[in-house]
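Each chain is listed here by its residues.
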Amino acid sequence: MRAIVSALVIASGCGAAQPGAQEFDGARALEDVKTQVGFGPRIPNTEGHRQTGDWILERLRATADSVEEQAFIHVSREGDSLALRNLIGRFRPDARERILYVAHWDTRPRADQSTNLAEQRLPVPGANDGASGVAVLLGVADALARVPPALGVDLVFVDGEDYGDFARDEDVLIGSRYYAAHVDTTARPLFAVVWDMVGDRDLEIGQEANSVNFAPEVVRRVWTRARELGYGRVFRNINAGAVRDDHIPLQEVGIRAIDVIDFDYPHWHRITDTVEQVSARSLEIVGNVALALVR
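Residues numbered from 1 in each chain as written. Predicted model: local features only at pLDDT ≥ 70, side-chain atom pairs only at ≥ 80, totals over all residues. Heavy atoms only, no water.

> Please give an account of the overall build of the protein that cites residues and values.
Scanning the protein from N- to C-terminus turns up nine helices and eight strands. A globule of 295 residues ought to have a C-alpha radius of gyration of about 19 Å, and the protein, at 18 Å, matches this closely. Counting only C-alpha atoms, the protein reaches 55 × 40 × 35 Å along its principal axes. Within the span of the protein, comprising 295 residues, buried residues form 57% of the whole. If you average the places of the 32 positive and of the 44 negative side-chain charges in the protein, the two averages end up 5 Å apart. (Helix = DSSP H or I, 4+ residues; strand = E, 2+ residues; numbered from the N terminus. Rg over C-alpha atoms; globule rule 2.2 N^0.38 Å. Buried < 20%, exposed > 50% of the residue type's maximum accessible area, 1.4 Å probe, protein only. Lys, Arg positive; Asp, Glu negative; His and termini not counted. Charge placed at Lys NZ, Arg CZ, Asp CG, Glu CD.)

Now the structure itself:
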């Protein structure tokens, strides 16, 4: 633990950008949200899913130092074979000290939280739940291409997070579980952050309980950076409850991972999770925090 904290302190002083620098382009990020939603639902084995994955890869190849496509087949509880792929962009891939950022790029097949029974059979557009995290990571990639980081940064877009049944823990977090099972355990990142549902117009991010319990030093680091940037009203020092998200498989293999998520989102798993619910300013706030952490 002491070695990790020491490394984090050293990393905080690196890089050209200082706390308060406005590197992240929120307007561009919002356009990236619109592009993803325009592909349609990003459900595995659909055309919208394929097009979105190809688009993310194209963006990464234009910015990252190295790009990897981690393709695999997952057989669901119902016996369906899902063609999935994690998409990975690396900056300074030879650097030993690294930071890992994660977002899921798939969307939920069914709007199970809708109060309308007919709507529960419809797919979720996923403007905030999916597209916002992807937009933040792509914006980070754009900024790191302009001003390279002082340490290694891995951006991982995981697939199959939202496919199945969270209550039964079946066919969910598929991509992060695959990534965690194949990660090089001798080269763990200093820390990891999952960015999920971070574009809500009414953005308020509390501290997720599993994150606080497993990696409190990382939570403190993120919230301190946010406060230094003037975002204390968004990154609140409040208990947001526990969420089972893509940080859990990372924690299970020993990675100091936390979840940055605004779970108080009324359109979660509903057909109303549309672009109108997402704000360029919210994306910019979260993007600036993400960049400050790697500077």
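Here the narrative resumes.
> Go over the pairing of strand 2 (residues 81-91), please, and point to the residues and values.
For strand 2, a buried count of eight out of eleven residues is recorded, marking the element as mostly surrounded by other parts of the structure. The turn linking strand 1 (residues 66-75) back onto strand 2 is made up of five residues, and glycine 79 within it adopts a positive phi angle of 95°. (Pairing = 2+ DSSP bridges.)

> How would you explain the environment of aspartate 106 if you had to name every residue and give the values?
Mapped onto the elements, aspartate 106 comes out in the loop between strand 3 (98-104) and helix 4 (127-146). With relative accessibility at 0%, the residue aspartate 106 sits in the buried group. Each C-alpha atom of the pair aspartate 106 and glycine 130 lies 6.2 Å from the other, and the pair is 24 residues apart in sequence. Setting aside residues up to four positions removed in sequence, aspartate 106 forms contacts with Arg42, Asp129, Gly130, Val158, Asp159, Gly160, Glu161, Asp162 and Tyr163. Separated by 3.4 Å, the side chain of aspartate 106 and the backbone nitrogen of glycine 160 make a polar contact. A distance of 3.1 Å separates a polar side-chain atom of aspartate 106 from the backbone nitrogen of glutamate 161. (Contact = heavy atoms within 4.5 Å. Polar contact = N/O pair within 3.5 Å; in protein donor to acceptor, adjacent residues only side chain to side chain.)

> Pulling in residues and values, what's your account of the confidence of the model for the protein?
Taken residue by residue, the protein gives an average pLDDT of 93. The fraction at 70 or more is 93%. Scored below 50 in pLDDT, residues 1-20 shows 30 contacts in the model against residues more than four places distant or in partner chains. (pLDDT = per-residue confidence, 0-100.)

> So what's going on with the environment of arginine 221? Residues and values would help.
Relative to the assigned elements, arginine 221 resides in helix 7 (residues 216-228). The class of arginine 221 is buried, set by a relative accessible area of 17%. Once the C-alpha coordinates of arginine 221 and alanine 181 are considered, the two residues, 40 residues apart in sequence, prove to be 27 Å apart.

> Can you lay out the sheet that holds strand 1 for me, pointing to particular residues and giving the numbers?
Within the open sheet, the six strands sit side by side as 1-2-4-3-5-8. Their pairing is mixed. Where the open sheet ends on each side, the last strands, each with one partner, are strand 1 and strand 8 (257-261). If you compare each strand with its neighbour and ignore which way they point, the axes differ by 20° on average. The pairing of strand 5 (residues 191-196) with strand 8 spans five bridges and is classified as parallel. Pairing of valine 194 across the sheet is with aspartate 259, part of strand 8. Helix 5 (residues 174-182) rests against strand 1, strand 2, strand 3 and strand 4 (152-158) of the sheet, and its axis sits at about 115° to strand 1. (Axes fitted to C-alpha atoms, helices over the stretch in contact; angles between N-to-C directions.)

> Please give an account of unusual backbone geometry that cites residues and values.
You will see that aspartate 169, though not glycine, has its phi angle at about 60°, which is positive. Positionally, aspartate 169 belongs in the loop between strand 4 and helix 5. The exposure class assigned to aspartate 169 is partly exposed, which follows from its relative accessible area of 30%. At methionine 197, a position not held by glycine, the phi torsion is positive, near 55°. By secondary structure assignment, the location of methionine 197 is in the loop between strand 5 and strand 6 (205-207).

> Lay out the pairing of strand 1 with the relevant residues and their values.
Bridge count for strand 1 against strand 2 is ten bridges, and the pairing is antiparallel. Its bridge partner being in strand 2, alanine 71 is matched across the sheet by arginine 85.

> Can you explain helix 9 (residues 280-294)? Please cite residues and give values.
Here helix 9 contains 15 residues, and its C-alpha end-to-end distance of 21 Å stays within 8% of the 21 Å for a straight helix at 1.5 Å per residue. The element helix 9 is extensively covered by neighbouring structure, given that twelve of its 15 residues are classed as buried. Here helix 9 has its buried residues at Ser282, Leu283, Ile285, Val286, Gly287, Asn288, Val289, Ala290, Leu291, Ala292, Leu293 and Val294. (Expected span 1.5 Å × (residues − 1).)

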